[in-house]
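Results of the structural survey
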Amino acid sequence: MGSIFIKGAEVYIDNGFSRKTVEIIDSKIKIHDENYVLPDDGELVEARGKKLVPGFIDIHTHGGVGVDVNAATADELEKIGEFFAKNGTTSWLCSVLTDTEEQTLWCIDQFNEYKKKKRKGSDLVGIHLEGPFLAKEYKGAMPEFLLRKFDIDLLKKYQERSGGNVRYLTVAPEVDGIAGGIKEITELGIAVSLGHSGADYETAMKAIENGATASTHTFNAMKLLHQHFPSIMGAVMESDVYCEAICDGRHLHPGVVRLLIKTKGLNRVVAVTDSIMAAGLPDGKYKLGVNDVVVEEGDAKLADTGVRAGSTLTQNVALLNLLKFTGRPLAEVLPILSENPAKLIGIYDRKGSIEDGKDADMVLLDEENKISEVFVRGQRQG
């Protein structure tokens, strides 16, 4: 079978749009001039009037379409991936909420099973562990009885079981053993994010100096800024770490999204969904790990306390929200959903931009910046 050629689109390359013909050959990208003559055996995708952009990357999500990551079989992980692909997310990390050691290992085993077969939908590129080394005072939806002090041996067990595929870990820097343990964590090939924390400024800054490179759902489940006590909030805003942002209009006011981008710069904000199994489904009762969750008007909260518990957001909506909240052009906003997360979790060598030789993970957007067509490693998604 010949290559697929996407012709006529404005293609997002080097932070701007230009008219190119993009070839998908053996799941990889090859860029040609606009007037490139197609071979006779090529498949043409006529994309005039549309924009071709890098596929979105969601590094923090707990599920969708009725599937909770903490209880998802390999086949159910594929179901999540198919749902994500329809919404422009071409790569993702499955976020395992703090759980028992036994259940966390089971989740890792399901990931391993998933990776053995050729799967449809978005490319599941690794695992995000949200805990268990988190602060009880800022636990959010984390079950308090499962939170614990730092245990490098436990983390090594998880990483070995996953074949090195735990790519991202959320920790609270004030938890016993974390500040000094971050170097050990990064040596395992894991990017460290700070969150679910009430750490003071000095402790948070020490964690960043030791190698933490991100902040989990920034502003949410962390001690906020005070002019005399900047705390973890001040540390992540001042430093060069990447800052996750849930752009659903509920977790962050649009003005806060604008402030975050203005403070951090467009190259240090990462749009995540933090979605739960209710994403893509109507209001009702759902699960998030061991928690019971109630969704009303699309807003997910713990059934017993009313604390917000993840979201029902998808990245296509996050893109539209970012454009609306900031008033910035599409070209400025796109890295927040693609390039930045790819760099944070160490996959930018093959994903996150439209370049020769990279995976053909791309999204066609229509004139209203809504999803028209999605390609995951060159495969057209239904």
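Residues numbered from 1 in each chain as written. Predicted model: local features only at pLDDT ≥ 70, side-chain atom pairs only at ≥ 80, totals over all residues. Heavy atoms only, no water.

An unreviewed UniProt entry annotates the chain as N-acetylglucosamine-6-phosphate deacetylase originating from Catonella morbi ATCC 51271. Quoted verbatim from the Sequence similarities (unreviewed entry) field of the UniProt record, the comment on the chain reads "Belongs to the metallo-dependent hydrolases superfamily. NagA family." (UniProt positions renumbered as here; feature names shortened; annotations may be inferred.)

**Remarks on the overall build of the chain**
Counting its secondary structure elements, the chain contains 10 helices and 22 strands. In terms of overall size, the chain behaves like a compact globule, its C-alpha atoms giving a radius of gyration of 20 Å where 382 residues would be expected to give roughly 21 Å. Principal-axis analysis of the C-alpha atoms gives the chain an extent of 65 × 45 × 40 Å. Of all 382 residues assigned to the chain, the portion counted as buried reaches 59%. In the chain, the proportion of contacts linking residues at least 24 apart, taken out of those at least 6 apart, comes to 69%. Of the accessible surface of the chain, which amounts to about 15,400 Å², a share of 47% is contributed by carbon and sulfur atoms. The average position of the 45 basic charges and that of the 57 acidic charges among the side chains of the chain differ by 1 Å. (Helix = DSSP H or I, 4+ residues; strand = E, 2+ residues; numbered from the N terminus. Rg over C-alpha atoms; globule rule 2.2 N^0.38 Å. Buried < 20%, exposed > 50% of the residue type's maximum accessible area, 1.4 Å probe, protein only. Contact = heavy atoms within 4.5 Å. Areas by Shrake-Rupley, 256 points an atom, 1.4 Å probe, with all protein chains shown as cover. Lys, Arg positive; Asp, Glu negative; His and termini not counted. Charge placed at Lys NZ, Arg CZ, Asp CG, Glu CD.)

**Describing the UniProt feature "active site" (unreviewed entry) in the chain**
Look at the UniProt record and you will see "active site" (unreviewed entry) annotated at Asp274. Those residues within four positions of Asp274 in sequence are excluded, and the remaining contacts are His60, Thr61, His62, His217, Ile246, Gly310 and Ser311.

**Digging into the sheet that holds strand β15 (residues 242-246)**
Strand pairing in a sheet takes place through backbone hydrogen bonds and is either antiparallel or parallel in direction. On the basis of which strands lie adjacent, the open sheet formed by eight strands has the order β7-β10-β11-β12-β13-β14-β15-β16 and parallel pairing. Two strands close off the open sheet at either side, each with one partner strand: β7 (56-61) and β16 (269-272). Here strand β14 (residues 214-215) runs beside β15; their pairing, made up of two bridges, is parallel. When the sheet's bridge partners are listed, Ala214 is paired in β15 with Tyr242. (Pairing = 2+ DSSP bridges.)

**Some words on the domain arrangement of the chain**
Domain assignment breaks the chain into domain 1 (4-53 + 357-381) and domain 2 (55-345). Taking only C-alpha atoms, the centre of domain 1 and the centre of domain 2 are 30 Å apart. On the domain 2 side, the residues contacting the 18 residues of domain 1 number 20 residues. Buried surface at the junction of domain 1 and domain 2, both sides included, amounts to about 1,400 Å², of which 65% is carbon and sulfur. Of all residues in domain 1, the largest losses of buried area upon contact with domain 2 belong to Tyr12, Asn369 and Ile371, amounting jointly to 29% of the total for that side. If you look at where domain 1 meets domain 2, you find one salt bridge. A salt bridge links Arg377 to Asp123; its shortest N-O distance comes to 3.7 Å. Joining domain 1 to domain 2, the criterion identifies three residue pairs in polar contact (both at pLDDT 80 or more). When residues of the side of domain 1 that touches domain 2 are traced back to their parent elements, those giving at least two are β6 (51-54), β20 (362-365) and β21 (371-376). Top contributing element to the side of domain 1 that touches domain 2 by residue count: β21, with four residues. Looking at the side of domain 1 that touches domain 2 residue by residue, the classes come out as 10 nonpolar, three polar and five charged. (Domains from an automatic or database assignment. Buried area = accessible area lost by both parts, 1.4 Å probe. Salt bridge = Lys/Arg side-chain N within 4 Å of Asp/Glu carboxyl O. Polar contact = N/O pair within 3.5 Å; in protein donor to acceptor, adjacent residues only side chain to side chain. Nonpolar A, V, L, I, M, F, W, Y, C, P; charged D, E, K, R; others polar.)

**A look at unusual backbone geometry**
Cis rather than trans, the peptide bond between Gly131 and Pro132 has omega equal to 15°. The topology assignment puts Pro132 in the loop between β11 (123-130) and α3 (152-161). One non-glycine residue, Ser231, lies in positive phi territory at about 60°. The phi dihedral of Glu297 falls on the positive side, at around 55°, and the residue is not glycine. In this fold, Glu297 is placed in the loop between β18 (291-296) and β19 (299-302). Glu297 sits in the exposed class, given a relative accessible area of 69%.

**Some points on the sheet that holds β18**
Strand order across the open sheet formed by three strands is β17-β18-β19, with antiparallel pairing between neighbours. Each edge of the sheet is formed by a strand with only one pairing partner; in this case those strands are β17 (284-288) and β19. Neighbouring strand axes in the sheet, compared pairwise and without regard to direction, differ in orientation by 35° on average. As paired elements, β18 and β19 share four bridges and run antiparallel to each other. Its bridge partner lying in β19, Val295 is registered against Ala300. (Axes fitted to C-alpha atoms, helices over the stretch in contact; angles between N-to-C directions.)

**Things to note about helix α8 (residues 315-326)**
Here α8 is 12 residues long and its end C-alpha atoms lie 16 Å apart, about the 16 Å a rise of 1.5 Å per residue gives. Counting buried residues along α8, nine of its 12 residues qualify, which places the element largely inside the surrounding structure. Listed as buried for α8 are Gln315, Asn316, Ala318, Leu319, Asn321, Leu322, Leu323, Phe325 and Thr326. Looking one or two places after α8, you find Gly327, whose phi comes out positive at around 70°. (Expected span 1.5 Å × (residues − 1).)

**What to know about the pairing of β11**
The element β11 is extensively covered by neighbouring structure, given that eight of its eight residues are classed as buried. With seven bridges joining them, strand β10 (residues 89-97) and β11 adopt parallel strand pairing. Across the sheet, the residue bridging to Cys94 is Ile127, located in β11. For the crossover that starts at β10, traverses helix α2 (residues 101-116) and ends in the parallel β11, the hand is right-handed. (Right-handed = clockwise from strand over helix to strand, strands pointing away.)

**Considering a negative patch on the surface**
A surface patch of negative charge is lined by Glu137, Glu174, Asp200 and Glu202. On the accessibility criterion, Glu174 (32% relative accessible area) is partly exposed. (Patch = residues over 30% accessible without salt bridge, like charges linked within 9 Å, V, L, I, M, F, W, Y side chains within 5 Å.)

**Side note on the packing of helix α7 (residues 254-264) against α8**
Contact geometry for α7 and α8: axes closest at 9 Å, N-to-C directions at 85°. Judged on the interaxial angle alone, α8 and α7 are roughly perpendicular. Contacts from Pro254, Val257, Arg258 and Ile261 of α7 reach α8 at Leu322, Phe325 and Thr326. (Parallel < 35°, antiparallel > 145°, perpendicular 65-115°, else oblique.)

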